[in-house]
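Each chain is listed here by its residues.
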There are 2 protein chains.
Amino acid sequence: MNYIHTDENAVYYECGYSNDNCIYLSCGSESYFITDSRYTLDAKQSLKEHSSGTKLIIDFNLSKRVSKLIAKAKIKKIFFDPKEWDYYRIMQIQEQTRLRWIAKISLSQKKRIVKNEEEIALLSKTVRLGAQVFDSFSNSIKQNGIGKSEKELFFMAQSAMSRHGKNALSFDPIVAINANAAKPHAHPTDDRLKHGDLLLFDAGLKYKRYCSDRTRTVRVKDGFTFDNKQKYKSKKIQKAYDAVLKAHDKAISKAKSGMRASQIDAVCRETIDKAGFGKYFIHSTGHGVGLDIHELPVISTRSKIKIKDGMVYTVEPGIYIPDEFGIRIEDMVVMRDGKAEVL
Amino acid sequence: MNYIHTDENAVYYECGYSNDNCIYLSCGSESYFITDSRYTLDAKQSLKEHSSGTKLIIDFNLSKRVSKLIAKAKIKKIFFDPKEWDYYRIMQIQEQTRLRWIAKISLSQKKRIVKNEEEIALLSKTVRLGAQVFDSFSNSIKQNGIGKSEKELFFMAQSAMSRHGKNALSFDPIVAINANAAKPHAHPTDDRLKHGDLLLFDAGLKYKRYCSDRTRTVRVKDGFTFDNKQKYKSKKIQKAYDAVLKAHDKAISKAKSGMRASQIDAVCRETIDKAGFGKYFIHSTGHGVGLDIHELPVISTRSKIKIKDGMVYTVEPGIYIPDEFGIRIEDMVVMRDGKAEVL
């Protein structure tokens, strides 16, 4: 099968190296990594270390060079993921070849859906580092977070989550107070944190390119931590919180290899339905995590993916009541010996 | 002319609002802004304030809705910039319409190439804020930057350039010491800053979505600042530095409205050639700056663009000697009354 990638993580998975201007081409019995001269040194060294036999090609014009390689190999069709490519680059390559482009959505992510032991070890480490930051962030909030705006807390969270520059972030953290937490992808506002507020914190970092992802929703008071034992004054919030936690725990304990992803989603959804909050659980239960922060398997109502040992994904039920509050609890799990283990 | 945009800055330029999941469609006598329900409130308010008459349409499936609008308007062809679109979205829209897609590269950037007074005022303000950060960053380095790694300095630079969370960044800052500065797009390493080192700092921030961009190369010693009067111990470095500074100053003083962009590039290149460093000036002289950090006009050997009043671009000659050092000096200029004025 001839195929071509340009997404940084897809390329990295193939040959152990990538950068922001590269193409990986698997074509006949050869594989090529094409990039520009800014990256010659890095690419040479990394490809050698990885020893996959990928040939390094340096060219200012990536598209033209790829066209030539394709023409030389005399291949007639090539598989690609249309979500990875901008229209322009395909246009450029297409102009110079008579190739049949065959669209395969999630071409790379499908290969990456089951993680090997090395990847699981990296993901465990990443999750552990991320969890440590949750602890240090709760201390920072207790020390000097009260009275700060969401924007300022967002900045504190960014600094903390990057471990002051040591790690890249998986995504921009979400720091949302009270009603702002009702937006699943809240942007930070000028609202200020008060004692007793509900605080939703969703954040992750990268370690050796692998992502972590975690969410906690807490009541900010003396001595609070980002654990799951939270007590709210409002009965409605407490009821919603308990429902989310129950859904989260149940989905993890019921998840078994061999199930469909939709069945794990159903466990979450039923638990929240029963508590009377069904219509406020407005997203899917989870997503795979690896090199990409969102990858396969999708854990949703419609996901037909069969869960297997080695898959790593989030379980993150939530309840979002507009203009009132939002709650989400999220952990990453790995399937091992048929069961879901929290990372 | 019917046209369609999805790039955040292209859309913003049309209707004064955009987000990370939107399409702008100008179709017959109507224009539409299509986004999903997460953005209903924001979009409604911003489009109203901008009063361009753009109609807001909320739909979960943007591609499908756009197809319907196109079908209803019975248009036969549409202009688009293939660099803005991922292949997948065009595939989705195309499946449902019989439209002729006409590729126009830089469709939006061509409209934006001459800035109006309001935009120039925003760009001036952005550049001024960015320059202030250069001053504060030199103080931070003097206070506690010596001994820090490039990675740590990068983090300090990010924090400083975002003015501790107040502003978005135009791009990830470049902080490179000695030989690392020989890579024009250096990634931070574990190398630590010592007294007397050469330090290249390239950074910018955004103010009301408009970008700044500036580079200084300095010798780190007591009382140093990010100004252009730098003294190096090495004669070779000093010679290269003087050549870059001369090229920078000359390109700015010689730039006139009515010239071709390639002529400005030639001024830089000749100056560096004459000093004997021609083969080490491995990139073009500059690029336009506005909503995008890289936009038109390109100031390069091959750029046929005619320079006009109201254009804003960088002048950033550089000399990069592998394994030894790199030097770049960059400022943004605006063309006003026929001449280049440093912002």
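Residues numbered from 1 in each chain as written. Chains lettered and ligands numbered in written order. Predicted model: local features only at pLDDT ≥ 70, side-chain atom pairs only at ≥ 80, totals over all residues. Heavy atoms only, no water.

Moving on: the overall build of chain A. A count of helices and strands for chain A gives nine helices and 18 strands. Radius of gyration (C-alpha) of chain A: 23 Å, near the 20 Å computed for a compact globule of 343 residues. A buried classification covers 56% of the 343 residues belonging to chain A. The long-range share in chain A, meaning contacts at least 24 apart out of those at least 6 apart in sequence, stands at 62%. (Helix = DSSP H or I, 4+ residues; strand = E, 2+ residues; numbered from the N terminus. Rg over C-alpha atoms; globule rule 2.2 N^0.38 Å. Buried < 20%, exposed > 50% of the residue type's maximum accessible area, 1.4 Å probe, protein only. Contact = heavy atoms within 4.5 Å.)

With that settled, the discussion passes to the environment of phenylalanine 137 of chain B. All names here are of chain B. Locating phenylalanine 137 in the fold gives a position in helix 6 (residues 117-144). Expressed as a C-alpha distance, the spacing of phenylalanine 137 and asparagine 21, which sit 116 residues apart in the sequence, is 35 Å. Here phenylalanine 137 is in contact with Leu153, Met156, Ala157, Ala160, Phe201 and Phe226, once residues within four sequence places are set aside.

Attention now moves to the relation of the copies chain B and chain A. When chain B is fitted to chain A, the residual RMSD is 0.1 Å, and the transformation amounts to a turn of 178° plus an axial shift of 0.1 Å. Each copy turns onto its partner about a two-fold axis. Interface residue correspondence from chain B to chain A reaches 90%, placing this contact among same-surface, isologous pairings. (Least-squares fit on C-alpha atoms with pLDDT ≥ 70 in both.)

Residues and elements named next belong to chain A. Relative to each other, helix 6 (residues 117-144) and helix 7 (residues 150-161) sit at 140°, their axes nearing to 9 Å. If you check the angle between helix 6 and helix 7, you find them oblique. Judged by the sense of rotation from one axis to the other, the crossing of helix 6 with helix 7 is right-handed. For the pair helix 6 and helix 7, the contacting residues are Gly130, Val133, Phe134, Phe137, Ser140, Ile141 and Asn144 in the first and Leu153, Met156, Ala157, Ala160 and Met161 in the second. Counted by class, the contact of helix 6 with helix 7 contains nine nonpolar, three polar and no charged residues. (Axes fitted to C-alpha atoms, helices over the stretch in contact; angles between N-to-C directions. Parallel < 35°, antiparallel > 145°, perpendicular 65-115°, else oblique. Left-handed = near helix turned anticlockwise from the far one by under 90°. Nonpolar A, V, L, I, M, F, W, Y, C, P; charged D, E, K, R; others polar.)

Another point: unusual backbone geometry. Residue proline 297 of chain A is reached from leucine 296 of chain A by a cis peptide bond, and omega for that bond is 0°. Even without a glycine there, the phi angle at serine 106 of chain B is positive, about 65°. Secondary-structure assignment places serine 106 of chain B in the loop between strand 6 (100-103) and helix 5 (107-111). Judged by relative accessible area, which is 14%, serine 106 of chain B ranks as buried.

Turning next to the packing of aromatic side chains. Residues and elements named next belong to chain A. Taken as a whole, this structure holds 25 aromatic pairs over all chains when the rule is applied. Consider the rings of phenylalanine 134 and phenylalanine 226, whose centres lie 5.5 Å apart with planes at 80°: the pair is edge-to-face. Here phenylalanine 134 is found in helix 6, whereas its partner phenylalanine 226 is found in the loop between strand 11 (214-219) and helix 8 (235-254), with 92 residues between them in sequence. Considering the side-chain rings of phenylalanine 224 and phenylalanine 226, the 5.6 Å spacing of their centres and the 85° angle between planes classify their relative orientation as edge-to-face. For phenylalanine 224, a relative accessible area of 3% puts it in the buried group. (Phe/Tyr/Trp six-rings, centres within 6.5 Å; stacked < 30°, edge-to-face > 60°.)

Residue and element names in this part refer to chain B. Spatial strand order, 7-8-11: three strands in an open sheet with antiparallel pairing. Each edge of the open sheet carries a strand with a single partner, namely strand 7 (174-177) and strand 11 (214-219). Going from strand to strand, the sheet's axes swing by 10° on average, the running direction of each strand aside. Two strands pair when backbone bridges link them, and strand 8 (residues 198-203) and strand 11 are joined in this way by six bridges, in the antiparallel orientation. Across the sheet, leucine 198 pairs through a bridge with arginine 219, a residue of strand 11. (Pairing = 2+ DSSP bridges.)

Here we come to the domain arrangement of chain A. All names here are of chain A. For chain A, the assigned domains read domain 1 (3-111) and domain 2 (117-342). On the side of domain 2, seven residues touch domain 1, which itself brings nine residues to the contact. Across the domain 1/domain 2 interface, buried area totals approximately 760 Å², and carbon plus sulfur atoms make up 45% of it. When the buried surface of domain 1 facing domain 2 is broken down by residue, Asn9, Tyr12 and Gln109 rank first, second and third, together holding 71% of it. Run the count over domain 1 and domain 2 and you get zero salt bridges. Run the count over domain 1 and domain 2 and you get five residue pairs in polar contact (both at pLDDT 80 or more). (Domains from an automatic or database assignment. Buried area = accessible area lost by both parts, 1.4 Å probe. Salt bridge = Lys/Arg side-chain N within 4 Å of Asp/Glu carboxyl O. Polar contact = N/O pair within 3.5 Å; in protein donor to acceptor, adjacent residues only side chain to side chain.)

All names here are of chain B. Enumeration over the complete set of coordinates arrives at 35 salt bridges over all chains. With its nearest N and O atoms 3.3 Å apart, the salt bridge here joins glutamate 152 to arginine 192. One end of the pair, glutamate 152, is in helix 7 (residues 150-161); the other, arginine 192, is in the loop between strand 7 and strand 8, and 40 residues separate them in sequence. Residue glutamate 152 is classed as partly exposed on the basis of its relative accessible area of 30%. Note on arginine 192: relative accessible area 48%, which makes it partly exposed. Here arginine 328 ties to glutamate 316 by a salt bridge, and the two come within 3.9 Å at their closest N and O atoms.

Residue and element names in this part refer to chain A. Of all six residues that make up strand 2 (residues 22-27), six are buried, and the element is covered over most of its length. Alternating residues of strand 2 divide into Cys22, Tyr24 and Ser26 and Ile23, Leu25 and Cys27, and every residue in both groups is buried. Examined bridge by bridge, strand 1 (residues 3-5) and strand 2 share three bridges and lie antiparallel to one another. Note on strand 2: the bridge partner recorded for isoleucine 4 is leucine 25. Bridging between strand 2 and strand 3 (residues 30-35) involves six bridges; their strand directions are antiparallel.

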